[in-house]
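Letter by letter, the chains look like this.
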Amino acid sequence: MSVELKLYNTLTREKAEFRPIDPNNVRMYVCGPTVYDYAHIGNARPVIVFDVLYRLLRHLCGADHVTYARNITDVDDKINARALRDHPGLPLNEAIRLVTGKTETQFHEDVKALGCLEPNVEPRATDNIPQMIEIIERLVAKGHAYVAGGEVLFDTKSMSDYGQLSKRPLDEQQAGARIAVDAHKKNPGDFVLWKLSSHNEPGWESPWGRGRPGWHIECSAMSGRYLGEVFDIHGGGLDLIFPHHENEIAQSRCAHGTQVMANVWMHNGFVQVEGRKMSKSEGNFVTIHDLLHTDKFGGRQWPGEVLRLAMLMTHYREPIDFSVKRLEEAERLIAKWPIPDAFQGEPDPAILGALSDDLNTVAAVQELHGLAQAAKADPARLPAFAASAALLGVVPKKTEIDEAVGSAVDALVEMRLEMLKAKNFAEADKIRDDLSSKGIQLKDGKDPATGERVTTWEVRR
């Protein structure tokens, strides 16, 4: 890599130079959505954060030398139950695909609107059940897992350094799985690898009987299948450090006999909404779809590039307060940037340097704003601005407007001109203010030939 990339590693609690295992194939895995319901704004943060890292790695190493895997979790007790209820005559995987198809499609549409590139690989849990079973068989054979009470459980005391990621003593840890566990565990921290299903519960065949996998084993199977037993970067939200990522490490290392699962572990901070933890009971639960397509948040819809910029204005490891004020601030900022027509330039070195310092998007956005103002004054700087904006994925866009709405605005502009000619300034100002409140900016000028007032308008981004 021509630029030294430094990343903060949760495993070591240090920021250090990133050195890929194989420079010709840099491999990154990020925990993706559970497609039971629409993705909320907290889900959007890791997608955006690791999209920026993916873009940066592609720039530094070459697009053909980076493999980004982000999974789809479609094995979940709620999903399974709904699939059995709604499609009892179909094979389980087919039924699950019907149940999750709409939410998965919506997730893809939402993150595309946020300016995120598609990952190279997007495995589904349902397509990797055999790989999960294989890992569990290895763990049982090596003495790291045992069968008890209709479950296969990981024996946390069989791993001498279990807990390295979260730095939590074993005796303080609680069982972590989406499936409830009972008192048949050897140790309180043991967690479910496989849970047997009753006759009226959905399941897959396994050496231990028909059942379904625990949550953690899914990512161990998918990352191992598509990236290898040891890969470069594993990412996700701060809430996944324990138990999910801790247990991924335990499963993968003990199954494969490796010292690490991934060399670098990266975690983004929590998201609050208007200063409070997001929850449906608080009334501040908001999905990406809500923000893009409804007036639920702030009484209006928000462009994807504004949502993305608002996220990047806080460092990824810090908590973020997602608010209307923050979105308005991002929108005002991006409205001052030029709209590029081409992207053939090279990113500005200062912006590249900021991102290479543990994804310092705060500094990168500040540099980008300065570059935007320089590009407006000097068109020769526009290619560097365009390439830098593309590296962050926050390229300002021309706002399209419906033809009928445009005709209505034209009619109001003409009415205002008539009001001004009649010296009815109060009514003219009212039309201007009404249009401004709807995001329409009027610009008055003079016809160079006749000297008469002319008014143009544009949609304020």
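A. Main features of the state of the cysteines. The full count for this structure, using the stated rule, is zero disulfides. Cys-254 takes part in no disulfide bond, and the closest cysteine sulfur to it belongs to Cys-219, at a distance of 17 Å.

B. Examining the layout of surface pockets more closely. Computed from the structure, the largest pocket encloses a volume of approximately 1100 Å³. In this structure, the largest pocket is lined by 37 residues; those nearest its centre are His-40, Gly-42, Asn-43, Asp-239 and Leu-240. At the level of elements, helix H1 (41–61), helix H5 (215–227) and strand E9 (231–237) are the ones that each hand at least two residues to the lining of the largest pocket. The element best represented in the lining of the largest pocket is H1, accounting for four residues.

C. Layout of empty space enclosed by the protein. In the structure shown here, the tally under the stated rule is three cavities of 30 Å³ or more. Counted as a void, the largest cavity has a volume near 50 Å³. In terms of lining, the largest cavity is formed by Val-49, Val-52, Met-311, Leu-312, Thr-314, Tyr-316, Leu-359 and Thr-361. Listed by contribution, the elements that provide at least two residues to the lining of the largest cavity are H1 and helix H8 (304–312). A class-by-class count of the residues in the lining of the largest cavity yields six nonpolar, two polar and no charged. A volume near 40 Å³ is recorded for the second largest cavity. Taken together, Leu-11, Gln-164, Ile-249, Arg-253, Gln-259, Val-260, Met-261, Ala-262 and Trp-265 make up the full set of residues lining the second largest cavity. Here the residues of the lining of the second largest cavity are counted per class, giving six nonpolar, two polar and one charged.

D. Up close: the sheet that holds strand E6 (residues 151–154). Taking strand neighbours across the sheet as the criterion, the four strands line up as E5-E6-E7-E8 in an open arrangement whose pairing is antiparallel. Of all strands in the sheet, those with a lone pairing partner are strand E5 (145–148) and strand E8 (211–213), marking the two edges. Strand-to-strand twist across the sheet, computed as the mean angle between neighbouring axes with direction ignored, equals 25°. Pairing of E6 with strand E7 (residues 191–196), which is carried by four bridges, proceeds in the antiparallel orientation. Of the residues in E7, the one forming a bridge with Leu-153 is Val-192. Those strands touched by helix H6 (residues 241–256) are E6 and E7, and its axis lies near 80° from that of E7.

E. How the structure looks around the pattern of salt bridges. Counted by the stated rule, this structure contains 24 salt bridges. A salt bridge links Arg-70 to Glu-122; the nearest nitrogen and oxygen atoms lie 3.3 Å apart. In this pair, Arg-70 sits in strand E4 (residues 66–70) while Glu-122 sits in the loop between helix H3 (92–113) and helix H4 (129–141), placing the two residues 52 residues apart along the sequence. The exposure class of Arg-70 is buried, given its relative accessible area of 3%. The exposure class assigned to Glu-122 is partly exposed, which follows from its relative accessible area of 25%. A salt bridge links Asp-290 to Lys-296; its shortest N-O distance comes to 3.5 Å. Taking the relative accessible area as the measure of exposure, Asp-290 reaches 14% and is therefore buried. Given the relative accessible area of 49%, Lys-296 is considered partly exposed. Because the salt bridges share partners, they merge into one network encompassing Asp-51, Arg-55 and Arg-308.

Conventions used here
Residues numbered from 1 in each chain as written. Predicted model: local features only at pLDDT ≥ 70, side-chain atom pairs only at ≥ 80, totals over all residues. Heavy atoms only, no water. Disulfide = S-S within 2.5 Å. 1 Å grid on protein atoms, 1.4 Å probe; cavity = no way out; pocket = protein on both sides within 12 Å on 5 of 7 lines; lining within 4 Å. Points joined across faces, edges and corners; volume = space filled by probe spheres on them. Helix = DSSP H or I, 4+ residues; strand = E, 2+ residues; numbered from the N terminus. Nonpolar A, V, L, I, M, F, W, Y, C, P; charged D, E, K, R; others polar. Pairing = 2+ DSSP bridges. Axes fitted to C-alpha atoms, helices over the stretch in contact; angles between N-to-C directions. Contact = heavy atoms within 4.5 Å. Salt bridge = Lys/Arg side-chain N within 4 Å of Asp/Glu carboxyl O. Buried < 20%, exposed > 50% of the residue type's maximum accessible area, 1.4 Å probe, protein only.

The values are spatial; any link to function lies outside them.
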